[in-house]
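Read off the chains here:
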Amino acid sequence: METSSIAGARHRLIIRAKESGASRSATSAALPTAQDSACAFKDAHAVSLCDALIGLLSETLDVPTQQLRARTRCSPSIARARQIGMYLAHVSLGLKMAEVATGFARHKSTVVHACHMIEDMRDDGDFDAFIARHERIIRVILEGTWDASVGN
C-alpha cells in the first residue's frame, strides 16, 4: 500500500470514529501510521538481508544457521562468526547498526561491540584478507560485478 493511501485510510477511520463518538486520541493510538509501515518495511528488509548473510556465513564458515540465529551466545567460534556477520551487514550491506541489530535479533550495543571487535581484528593480515574476500563476495552478489584484478 502506498503511503498516501495508508494516510487516507487512517483519516477515514478517524472520521468514522468521530462520527460514532470516539475521541481522536483514543482512535489514533490504535491505528498504524505511514511511518509505522515504513519502519516495518525497513525492518523486514534488514532481516531479509541479514538472513541471506547468515546463510552465506553458514556455508563459508561451515557453521549451522540455527546456531548463528540462536538467542544465546553459543560457543566462542559461533559468537565470532555472528560478529563477522554483523560487521559485514553494517560495512558491506550498508545497514545502520540498529537495522543490523534487528536483523540479527540482538541489541544495538551488541552490534557496536561486534563491529569494533572485527575492525580491531583486521590489523591481522590473514584475517583482513578473509574479511575482504567476504566483502567481495557480497559485492558480487549485490552488484553482479567482479573485479578480477582484486583476486579470488
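A.B. asks: Mind showing me how you'd approach helix H8 (residues 125-143) here?
C.D. replies: Each α-helix winds once per 3.6 residues, and so residues spaced three or four apart point in a common direction. Over its 19 residues, H8 extends 26 Å from the first C-alpha to the last, a length consistent with the 27 Å expected when each residue adds 1.5 Å. Those residues of H8 that fall on the buried side of the exposure criterion are Phe127, Phe130, Ile131, Ala132, His134, Glu135, Arg136 and Ile138.

A.B. asks: Is there a simple way to explain helix H5 (residues 76-91) in this structure?
C.D. replies: Across its 16 residues, H5 extends 22 Å between first and last C-alpha, which sits within 8% of the 22 Å expected from 1.5 Å per residue. Of the positions making up H5, those classed as buried are Ile78, Ala79, Ala81, Arg82, Gln83, Ile84, Gly85, Met86, Tyr87, Leu88 and Ala89.

A.B. asks: Would you explain the nonpolar core in this entry?
C.D. replies: A general trend in soluble globular proteins is that nonpolar side chains are found buried together. Counting 29 residues, the largest nonpolar core has Leu53, Ile84, Leu88, Ala89, Leu95 and Ile131 as its most contacted members. Contributions of two or more residues to this core are made by helix H3 (34-61), H5, helix H6 (97-104), helix H7 (108-121) and H8.

A.B. asks: Explain the environment of aspartate 43 here, please?
C.D. replies: By the secondary structure assignment, aspartate 43 is in helix H3. For aspartate 43, a relative accessible area of 35% corresponds to the partly exposed category. It is 9.2 Å that separates the C-alpha atoms of aspartate 43 and valine 100, two residues lying 57 residues apart in sequence.

A.B. asks: It is not clear to me how the pattern of salt bridges should be interpreted in this structure. Could you clarify?
C.D. replies: Oppositely charged side chains are able to pair whenever their charged atoms sit close together. Across all of its chains, the model carries three salt bridges by this definition. A salt bridge links arginine 69 to aspartate 51; its shortest N-O distance comes to 3.4 Å. Of this pair, arginine 69 sits in the loop between helix H4 (65-68) and H5 while aspartate 51 is found in helix H3, placing the two residues 18 residues apart along the sequence. Note on arginine 69: relative accessible area 38%, which makes it partly exposed. Classification of aspartate 51 by relative accessible area gives partly exposed; the value is 31%. A salt bridge links aspartate 128 to arginine 122; the nearest nitrogen and oxygen atoms lie 2.7 Å apart. The exposure class assigned to aspartate 128 is partly exposed, which follows from its relative accessible area of 28%.

A.B. asks: What's the story with the confidence of the model for the chain in this structure? I'm lost.
C.D. replies: In regions of low pLDDT, the predicted coordinates are not meant to be interpreted in detail. Confidence along the chain averages 79 in pLDDT terms, with 66% of residues attaining 70 or more. No element of the chain has a lower mean pLDDT than helix H2 (residues 24-30), at 46, and none a higher one than H7, at 97. Here residues 1-8 scores under 50 on pLDDT; set against residues more than four positions off or in separate chains, the count is six contacts. Counting contacts from residues 22-29, a segment whose pLDDT is below 50, to residues more than four positions away or on other chains yields nine contacts.

A.B. asks: Would you explain the packing of H5 against H6 in this entry?
C.D. replies: Working note: a packed helix pair is described by the angle between its axes plus the distance between those axes. With their axes 9 Å apart at the nearest point, H5 and H6 run at an angle of 135° to one another. Overall, the two elements H5 and H6 adopt an arrangement that is oblique. The interaxial crossing formed by H5 with H6 has right-handed handedness. Contacts between H5 and H6 involve Arg82, Gly85, Met86, Ala89 and His90 from the first element and Met97, Val100 and Phe104 from the second. Residue composition of the contact of H5 with H6, by class: five nonpolar, two polar and one charged.

Cut-offs applied
- Residues numbered from 1 in each chain as written.
- Predicted model: local features only at pLDDT ≥ 70, side-chain atom pairs only at ≥ 80, totals over all residues.
- Heavy atoms only, no water.
- Helix = DSSP H or I, 4+ residues; strand = E, 2+ residues; numbered from the N terminus.
- Expected span 1.5 Å × (residues − 1).
- Buried < 20%, exposed > 50% of the residue type's maximum accessible area, 1.4 Å probe, protein only.
- Core = buried A, V, L, I, M, F, W, Y, C linked by side-chain atoms within 4.5 Å.
- Salt bridge = Lys/Arg side-chain N within 4 Å of Asp/Glu carboxyl O.
- pLDDT = per-residue confidence, 0-100.
- Contact = heavy atoms within 4.5 Å.
- Axes fitted to C-alpha atoms, helices over the stretch in contact; angles between N-to-C directions.
- Parallel < 35°, antiparallel > 145°, perpendicular 65-115°, else oblique.
- Left-handed = near helix turned anticlockwise from the far one by under 90°.
- Nonpolar A, V, L, I, M, F, W, Y, C, P; charged D, E, K, R; others polar.

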